[in-house]
Amino acid sequence: MSSSFQSSGQVSYELNGDVAVMTVSNAPVNALSHAVRVDLLANIEKFEEDATAKAAIIVGAGKVFIAGADIREFKRPATQPHLPDLIDRIEACSKPVIAAIHGVALGGGLEAALGCHFRVGVKGAKVGLPEVHLGIIPGAGGTQRLPRLVGYEKALEMIPSGAQIGAVDAKAAGILDDVSDENDVLAAGLTFARSVIDNSMPLRRCSELVAPAVDASVFVAAKAAVTKRARGQMSPVVCVEAIEIASKTSFADGMAKEREMFMELKSSDQHRALSHAFFADRALGKLPEIDGIAPRKLDAIGVIGGGTMGAGIATGALMNGLAVTLIERDEDALARAKATIAKNIGGAVKKGKLSAEKEQHILEEALSLSTDYASLGEADLVVEAVFEDIDVKKQVFQQLDKVCKAGAVLATNTSYLDVNAIAAVTNRPEDVIGLHFFSPAHIMRLLEVVVADKTAPDVIATGFQLGKIMRKVAVRAGVCDGFIGNRILATYRAAADAVVVDASSPFEVDDVMLEFGFPMGPYAVADLAGLDIGWATRKRKAPSRDPRERYFTFADRMCEQGWFGQKTSKGYYVYEDGARKGTPNPEVLTILAKERMENDIATQNLSKEQILDRYMAAMVNEAAKVVEEGIALRPLDVDMTLIYGYGFPRWRGGPMQYADQVGLDKILNNIKEYARDDAYFWQPAKLLEELVSTGKTFGDLNAEGGNNSVKKVSEKA
Ligand code: 3HC
Ligand code: NAI
C-alpha cells in the first residue's frame, strides 16, 4: 500500500542507531485516529525504504501504548487508510517491527501490536480487546490473529469478556514475547530490538500461525455460556462466532468475515447505546459547579448506624483505605455491626480481593467503634445511616453540628427524606449533602450525590471524591422524594402494579423485564428488598395521597399475611429451604383476582410488547420530569443511575437512550393513549412534549449539557 496521505506529525520517526523508533503521540490515550493511521502508514513505508534501519519499534508517548481505535470517529463513515489494512501492512514489512508496550494496549492498539512481529511489555502493562463492551467485535484482525497466537480457548476467554490481562499473564499466554525489567518502555524496546537484530530472529507473523485444533464442541459450549451471560447483548456472542471462523477458514477469508461482522455491529443500536454509556460514564463528574474546585481532605470518615447500610458503607470505605469510626446506639449494636463488617471483609479476602494482612489492619486499626458522638471530632466526613425517620435524622445532625470539626462534611444516606430539612437543623447547611448508597453498599456501584439548596461546591466535589475513593459511580442528584433513582422506580413500579391488576401477573411482568435484559424483574427485586419497606412507605404516605391516584391493595394484603419476600421465604415467589430463586406464589393470583372482583375490573389482554411499552413509558416519562425539574442535570445522569443502581441493561444505554431509539413521539403517543384510562397517572412530562414538538432528542440535550433551565441550577453555585 502506498502512502499518499497528508502527515499530521502525530507519529514521529527517529533513528536510534540502526533502530527506527516510531512514537505515537495522540493524547490522552494515543487512539488510532485517522491522522495517526496516516502517519503510521507513512512511517512504515519510510522504514521499509530506510537502509540504515534494521528494525523498528512502535511506542506510545505519555501514559499508554495505544488504547484502540478512536471511538469518536465511529459515528462518521470509515476513511482510508483503514486500520485492518494498516495492520496488514505492518505485518507484511520485510524487516522486524516490534511493539513496545506500556500502560495499556487495548482494542485496535493490541491489534496493531499483533500485527507487529514481536511484542515486549514493561511491568504493569495491560493488554486486552475490550471492543465487546462497546457492542462491537475487534475489527482489525483481533479475532483472527489472537486465536492463531494464543489458541482458541484463551481467545474465547479474552475476547467475549473484553478482559484485560497483565504483562506477566500476557507473556504466559504468548501475547508478549518478553516482559522487560526496564521501567522505561523505549529502553525495553531498544534492548529487545538489539537482540532481534543481533540474533537475526526470524519474523513471526500471527496471520501465518496455526493454532492447535480444538473440538467443535468448545465453540458450542462457549456460545451457550456467553449467550446466557450476555442477556440479549449481541457482541459477546458474535465474538465467539468470529473466533470460530478463525478455526475454519483461511486468514484472508476470516478477515473479510470479521470486517463484515464488525461493520454490522458498528451500525447497531446496541453499539450506539454502549458508546453512549462509555462517554456518559466519563461525563458524570464533569459539572460546571465543581469545575476547578478542589475537594476537601478525606482520610478519616465517620459512619452513624451500623445496620444494613452503615455496615456496608463502612466496609466499602475501609476496603479502599479510609479510616472509619462507626457509631451505634449501644454495645450490642456495635458488636453486630463489627461482625457484619468482619464478615464482609472476610468475604473479600476469600475472593482474593484483599490480603489477610490488610484484613487484620482494617479490623484492628482502621476501624474504631464507639457509642459516643464525640469520637467523630476528627472525622473529615460523616455519613449518617440511621433509621429512615426525619426526627431521628434531625437529632443526629444536631449532635453532629456540636461535635464535628469545622469543615467536616455532614452527609445523610436517606432514601427519600428532605436533605434541605435535615441541613436546616445545623448551623452549617453548606456542609450538608446527601450521599445515597445502594444496598449492599460495599458492592453496588451507584452513589447519588444529593445536592441541597445550600450545599457548598467543595462539599459536592468531596462527595464525588468519596465516590472515586470508594470506586463508585457518582451521579449528581437534586432534592426530591426519592432523588433520581427511587423516584423513577416508584413510578414504573406503579405502572407495573396497574398492569398486574388490569391485565397480567407479577410473574409475567418479571418475565417481560428479564427478556428486556434486566437481571431480575421488579417483583423479584421487591421480594429481595423486603415487601415490608414499601408497605411502611405506603402507610407513611397514605394521609397525603391524592384521591385521584389509583390505589392497589394486593401488596398490602400480602404483607398483612406476613409475606415480606425472601426474608420470610414467601412473597411474590416462594423460597423453599432458603433458596435465593423462588417459584411463583399461586396465592398472589388469588389475591389479585379478589381485588379485581371487588373493584369491578375486567381483565384486559395485553401482549408482552404492550406490557413493556407501558413499563418503559412510565419510566421515561418520570425520567423526563426528573430532568425537566433539574433533579438530574442531563438525561445521561438518569441513564447511568438506572444502569448502575437498578439493573437497566447497559447495552440499551439507559431509559433516555432507549427512548431516543424507540422515538420520543411514539412514547408520547403511548402516554396520551394510556391517559384516556388514567389521566392522573399518565400526565406527559412537559420536557417530553417540548422535545417532540421541536424534533429534538434526549441525546441532543446531553450534547447541549442539559436542558437550559437545568444548566442554570448547576451554574448558579
Ligand atoms: N477513542 C477515543 N477517545 C478515547 C478512547 C478511544 N479509544 N479511549 C479513551 N478516550 C478518551 C476518553 O473519552 C476520555 O476523554 P475525556 O477526557 O474527554 O473525557 C480520555 O480519553 C481519557 O479516558 P479515561 O477518562 O477513560 O482515562 P483513564 O486513564 O481512566 O483510562 C483507558 C484510560 C484505560 C485507555 C480507558 O479510556 C479505556 O478503556 N478506553 C477505551 C479502550 C477501548 O475500548 N478500546 C477499544 C476501542 S474500539 C477499537 O479499537 C476497534 C478496533 O477493533 C477496530
Ligand atoms: P437498619 O435498620 O438496618 O440500620 C439502622 C441502624 O441505625 C440500626 O443499627 C440502629 O441501631 C442505628 N441507629 C438508629 N438510631 C441511631 C442513632 N441515633 N445513633 C446511632 N445509631 C442509630 O437501616 P438501613 O437499612 O441500614 O437504613 C439506614 C438508612 O439508609 C435509612 O435512611 C434508609 O432509608 C437508607 N437506605 C437504605 C437502603 C436499604 O436498601 N436498606 C438503601 C439506601 C439507603
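Quick caveat: nothing in here was measured; it's all calculated off a predicted structure.

The rules behind these values
- Residues numbered from 1 in each chain as written.
- Chains lettered and ligands numbered in written order.
- Predicted model: local features only at pLDDT ≥ 70, side-chain atom pairs only at ≥ 80, totals over all residues.
- Heavy atoms only, no water.
- Domains from an automatic or database assignment.
- Contact = heavy atoms within 4.5 Å.
- Buried area = accessible area lost by both parts, 1.4 Å probe.
- Salt bridge = Lys/Arg side-chain N within 4 Å of Asp/Glu carboxyl O.
- Phe/Tyr/Trp six-rings, centres within 6.5 Å; stacked < 30°, edge-to-face > 60°.
- Buried < 20%, exposed > 50% of the residue type's maximum accessible area, 1.4 Å probe, protein only.
- Lys NZ or Arg CZ within 6 Å of the ring centre and 35° of its normal.
- Pairing = 2+ DSSP bridges.
- Helix = DSSP H or I, 4+ residues; strand = E, 2+ residues; numbered from the N terminus.
- Axes fitted to C-alpha atoms, helices over the stretch in contact; angles between N-to-C directions.
- Core = buried A, V, L, I, M, F, W, Y, C linked by side-chain atoms within 4.5 Å.
- Expected span 1.5 Å × (residues − 1).
- Arc of directions from axis to C-beta.

Caption draft 1: Representation of the domain arrangement of the chain within the structure. Domain annotation for the chain reports domain 1 (11–266), domain 2 (299–477), domain 3 (484–600) and domain 4 (608–717). In this assembly, 27 residues from domain 3 lie in contact with 29 residues from domain 4. Summed over both sides, the interface of domain 3 with domain 4 buries roughly 2600 Å², with 73% coming from carbon and sulfur. Area buried by domain 3 at its contact with domain 4 is led by Ile484, Arg487 and Phe516, which between them contribute 28% of it. Linking domain 3 with domain 4 are three salt bridges. In this structure, Lys608 and Glu515 form a salt bridge, with 2.8 Å as the shortest nitrogen-oxygen distance.

Caption draft 2: Spotlight on the packing of aromatic side chains. Within this structure, the stated rule accounts for 15 aromatic pairs. Between Phe516 and Phe518, the ring centres sit 5.9 Å apart and the planes meet at 25°, which makes this aromatic pair stacked. Residue class for Phe518 comes out buried when judged on its relative accessible area of 4%. Grouping aromatic residues by their ring pairs yields a cluster made of Phe516, Phe518, Phe648 and Tyr658. The ring of Phe47 carries the charged tip of Lys95 above its face, separated from the ring centre by 4.5 Å. Stacked on the ring of Phe516, the Lys or Arg Arg652 has its end atom at 3.9 Å from the ring centre.

Caption draft 3: Layout of the sheet that holds strand E12 (residues 367–370). The strand order across the open sheet built from eight strands is E12-E11-E10-E13-E14-E15-E16-E17, with neighbouring strands paired in mixed fashion. Whereas interior strands pair on both sides, the edge strands pair on one side only; in this sheet they are E12 and strand E17 (473–478). Neighbour-to-neighbour, the strand axes of the sheet open up by a mean angle of 25°, direction not taken into account. Bridge count between strand E16 (residues 446–451) and E17: six bridges; the pairing is parallel.

Caption draft 4: Examining the nonpolar core more closely. If you look at the biggest cluster of nonpolar residues, it comprises 101 residues, and the most contacted ones within it are Leu400, Phe554, Tyr572, Val638 and Phe698. Broken down by element, this core gets its largest block of residues, 12 residues, from helix H24 (residues 608–628). Grouped together as the second largest cluster of nonpolar side chains are 72 residues, Leu83, Leu86, Ile243 and Ala246 included.

Caption draft 5: Helix H8 (residues 216–230), seen in detail. Along its 15 residues, H8 runs 21 Å from first to last C-alpha, staying within 8% of the 21 Å computed at 1.5 Å per residue. Here H8 has its buried residues at Val218, Phe219, Ala222, Val226 and Ala230. An end-on view of H8 places all buried positions within 90° of arc, on one side of the element. In H8, the exposed positions that point more than 90 degrees away from the buried face belong to Val220 and Lys228. Where the residues of H8 are buried, they touch helix H5 (152–158) and helix H9 (235–248).

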